[in-house]
Amino acid sequence: MKKKIILITMITILSLFFTTGCLENDNLEGSNITTTVYPIEYLVTRLYDTNNLESIYPNGTDIDEYELTDKQIKDYANSTNLFIYTGLGNEKEIAKTLINKNKRIQLIDASYSLKYTYGIEELWLNPSNYLMLANTIKTNLQELSSSKYAAEKIENNYSLLEEDLSSLDAEIRSIAKTAEKKNKNTIVIAYDSFGFLSKYGFNVVNISNENNITSTIKNRFKNKTYKYIFVKDKKNVSDSVKDLVDNYGAELVEINTLSTLTDAERTNGDNYLTIMREFINALSKVTLS
């Protein structure tokens, strides 16, 4: 009698698993997923648990200068099951090339229906934009997996990610609001993509174009009305920006645009959230210190 009860119990449990879809096949399981910029890679790792993930960009790469070789294109076409990219800029062409070489590759354009005003980096430096990228990837992964269990897991992961990004967004808005009350909300930038900060209420002075560096701006640095300049790379600035540093007391604040991570950053365990935290600290320093 006991053996019959145990057998019936096991059958009942298995029936529940199959009924609820917990043992449904996940069509994405074991797929080789290839991504482009680091923020896309980060979203995939947050939303979907996989060890088969690779970025086309080596660590520390300048994505504007990097070009895939014919051999790399061929290798990715042969090995990739799913390619996730931003359909803005040259990555769209990479996607077209891969699909032409292998029609079986699934594609996700994470930036579908999105636009940017200042530069592509604002799609992830702006947490609210980044959440829209995440939502697009989430929806497509759920559709491709065709597994109720996997879809629910992706949805739960998305909810946790949404909390993190909403917190970042709220902090940036809080800094902007406080800085505005103190009349200290002006930020000088020497890289276009940082212009998205104006959407948060910062007064952005863009000097990426040397013609914008007027005598008034120079005097404001000289009398310490302005103190800092946001740059993408301290080692690669224009002569006019160097002049503001050397002769007018400007200080450069380097902002990590997150397109790729360096070897050192990966070794240190840095990720999107930790680097955005550094960005927020820089915003606070420049406007509230």
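Above this text you will find the structure in question.
Here is what the cut-offs are and how they apply
- Residues numbered from 1 in each chain as written.
- Predicted model: local features only at pLDDT ≥ 70, side-chain atom pairs only at ≥ 80, totals over all residues.
- Heavy atoms only, no water.
- Helix = DSSP H or I, 4+ residues; strand = E, 2+ residues; numbered from the N terminus.
- Buried < 20%, exposed > 50% of the residue type's maximum accessible area, 1.4 Å probe, protein only.
- Areas by Shrake-Rupley, 256 points an atom, 1.4 Å probe, with all protein chains shown as cover.
- Patch = residues over 30% accessible without salt bridge, like charges linked within 9 Å, V, L, I, M, F, W, Y side chains within 5 Å.
- Salt bridge = Lys/Arg side-chain N within 4 Å of Asp/Glu carboxyl O.
- Lys, Arg positive; Asp, Glu negative; His and termini not counted.
- Charge placed at Lys NZ, Arg CZ, Asp CG, Glu CD.
- Pairing = 2+ DSSP bridges.
- Axes fitted to C-alpha atoms, helices over the stretch in contact; angles between N-to-C directions.
- Contact = heavy atoms within 4.5 Å.

Caption draft 1: Local environment of the overall build of the protein. If you tally the helices and strands in the protein, you get 11 helices and eight strands. Overall, the C-alpha framework of the protein stretches about 90 × 45 × 35 Å when taken along its three principal axes. Counting across all 289 residues of the protein, residues that qualify as buried make up 43%. Here the protein has roughly 15,700 Å² of accessible surface; of this, 47% comes from carbon and sulfur atoms.

Caption draft 2: Summary view of a negative patch on the surface. The grouping of D62, D64, E65, E67, D233 and E254 at the surface amounts to a negative patch. Examined against the element boundaries, D62 turns out to sit in the loop between β2 (53–55) and α3 (70–79). When its relative accessible area of 39% is taken as the criterion, D62 is described as partly exposed.

Caption draft 3: Representation of the sheet that holds β2 within the structure. Taken in spatial order, the four strands make up an open sheet running β2-β1-β3-β4, and their pairing is parallel. The outermost strands of the open sheet, each flanked by one partner alone, are β2 and β4 (106–109). Across this sheet, the average inter-strand angle for adjacent strands is 20°, counted without regard to direction. Sheet topology places strand β1 (residues 33–35) next to β2; three bridges connect them, and they run parallel. When the sheet's bridge partners are listed, T34 is paired in β2 with E54. Each of β3 (82–85) and β4 is contacted by helix α6 (residues 127–145), which is oriented at about 160° to β4, the strand it contacts most.

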